[in-house]
Amino acid sequence: KNQVEQSPQSLIILEGKNCTLQCNYTVSPFSNLRWYKQDTGRGPVSLTIMTFSENTKSNGRYTATLDADTKQSSLHITASQLSDSASYICVVDLDPTGGGNKLTFGTGTQLKVEL
Amino acid sequence: GAGVSQSPSNKVTEKGKDVELRCDPISGHTALYWYRQSLGQGLEFLIYFQGNSAPDKSGLPSDRFSAERTGGSVSTLTIQRTQQEDSAVYLCASSRSRGRDWISYEQYFGPGTRLTVT
């Protein structure tokens, strides 16, 4: 069983609509939780990093939330654009110093934004 | 550009051959990471360098895999006697020296090398 599970596996939405991607994790304790965006054929790019004590973090149209009690995180995308089509990966950092040396990756949600 | 670069972008090799994958990190980044991304799987940690030393090699799947880093910069991941299960995208990432802000720990990824073993 993957220690970081994401849902849905894939999602198709119309341009301009909002969507929310889910991440459930079983690993603990952890120092921070990260969301990455990975375009096809490219490396992942960081969207947000949240410590276990933070509840929310925004980056433009992307807002991540974290509930450490239920071990759930979500990524909300507002007013989607065609360029948002990508894989979104939830990552938990088990490094107690937060140094990023013990990253556990989810398998990602593949988002497609259509006209 | 100033990002992480990897070469080659694609590599097709025959089973049993050795391959070398190269990573050029962002200038000044002392930490360097290698990951593997198989189809339908999450990124899998392989090895971490701090400078030229590798404090954590725990993710290397077998002794056929090795990596080195010279001059605190370029790193090479070598896979000997390749097997079909080695087919994957190999990603490299780098980050700045450890500090007390998250930017120091942020990992910047290269575009990856797609390895296909036939």
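Residues numbered from 1 in each chain as written. Chains lettered and ligands numbered in written order. Predicted model: local features only at pLDDT ≥ 70, side-chain atom pairs only at ≥ 80, totals over all residues. Heavy atoms only, no water.

## Concerning the nonpolar core
Heads up, the condition is: Only buried residues count toward a nonpolar core, which is a set of Ala, Val, Leu, Ile, Met, Phe, Trp, Tyr and Cys residues joined through side-chain atoms within 4.5 Å. For each residue, the accessible area found with a 1.4 Å probe, counting protein chains only, is set against the maximum for its type, and the residue is called buried under 20%, exposed over 50%, and partly exposed in between. Where helices and strands are cited, they refer to DSSP runs of H or I of at least four residues and of E of at least two residues respectively, numbered from the N terminus. Contacts between residues were defined by any pair of non-hydrogen atoms, one from each residue, lying within 4.5 Å.
Among the nonpolar cores identified, the biggest contains 23 residues, and Y25(A), L33(A), W35(A), L75(A), Y88(A), V92(A) and L111(A) are the most heavily contacted of them. For this core, the secondary structure elements donating two or more residues are β3 (19-25), β4 (32-38), β5 (45-51), β7 (62-67), β8 (72-77), β9 (86-93) and β11 (109-114) of chain A. Once you skip the residues sitting within four places of it in the chain, V92(A) turns out to touch V4(A), Y25(A), V27(A), F30(A), N32(A), L33(A), K102(A), L103(A) and T104(A). Listed in part, the 19 residues of the second largest apolar core include L21(B), L32(B), W34(B) and C92(B).

## Observations concerning the side chain of T51(A)
Residue and element names in this part refer to chain A. Note the cut-off: Pairs of N or O atoms are called polar contacts if they sit within 3.5 Å, as long as, within protein, a hydrogen donor faces a hydrogen acceptor (for residues adjacent in sequence, only side-chain-to-side-chain pairs).
Along the chain, T51 falls in strand β5. On the basis of relative accessible area, T51 is assigned to the buried category, the value being 15%. A distance of 3.0 Å separates a polar atom in the side chain of T51 from a polar atom in the side chain of S53.

## A short note on the interface of chain B and chain A
Many structure descriptions define interface size as the accessible area lost when the parts assemble. Applied cut-off: Accessible area, probed at 1.4 Å, shrinks when two parts are joined; the buried area is that loss added up over both. Think of a salt bridge as a Lys or Arg side-chain nitrogen and an Asp or Glu carboxyl oxygen that are within 4 Å of each other. Nonpolar residues are Ala, Val, Leu, Ile, Met, Phe, Trp, Tyr, Cys and Pro. Charged residues are Asp, Glu, Lys and Arg, and all others, Gly as well, are polar.
Facing 19 residues of chain B, the contacting portion of chain A comprises 23 residues. Taken together, both faces of the contact between chain B and chain A bury some 1600 Å²; the carbon and sulfur share is 51%. Run the count over chain B and chain A and you get zero salt bridges. If you look at where chain B meets chain A, you find four residue pairs in polar contact (both at pLDDT 80 or more). By residue number, the principal contributor to the side of chain B that touches chain A is strand β4 (residues 31-37) of chain B, which donates three residues. Split into classes, the residues belonging to the side of chain B that touches chain A amount to nine nonpolar, seven polar and three charged.

## Quick look at unusual backbone geometry
Here the residue pair S7(A) and P8(A) is connected by a cis peptide bond, since its omega of -10 degrees sits within 30 degrees of zero. Examined against the element boundaries, P8(A) turns out to sit in the loop between β1 (4-7) and β2 (10-14). Following S7(B), the chain continues into P8(B) via a peptide bond in cis, with omega recorded as -10 degrees. The phi dihedral of R81(B) falls on the positive side, at around 50 degrees, and the residue is not glycine. As for its placement among the helices and strands, R81(B) is situated in the loop between β8 (75-79) and β9 (88-95).

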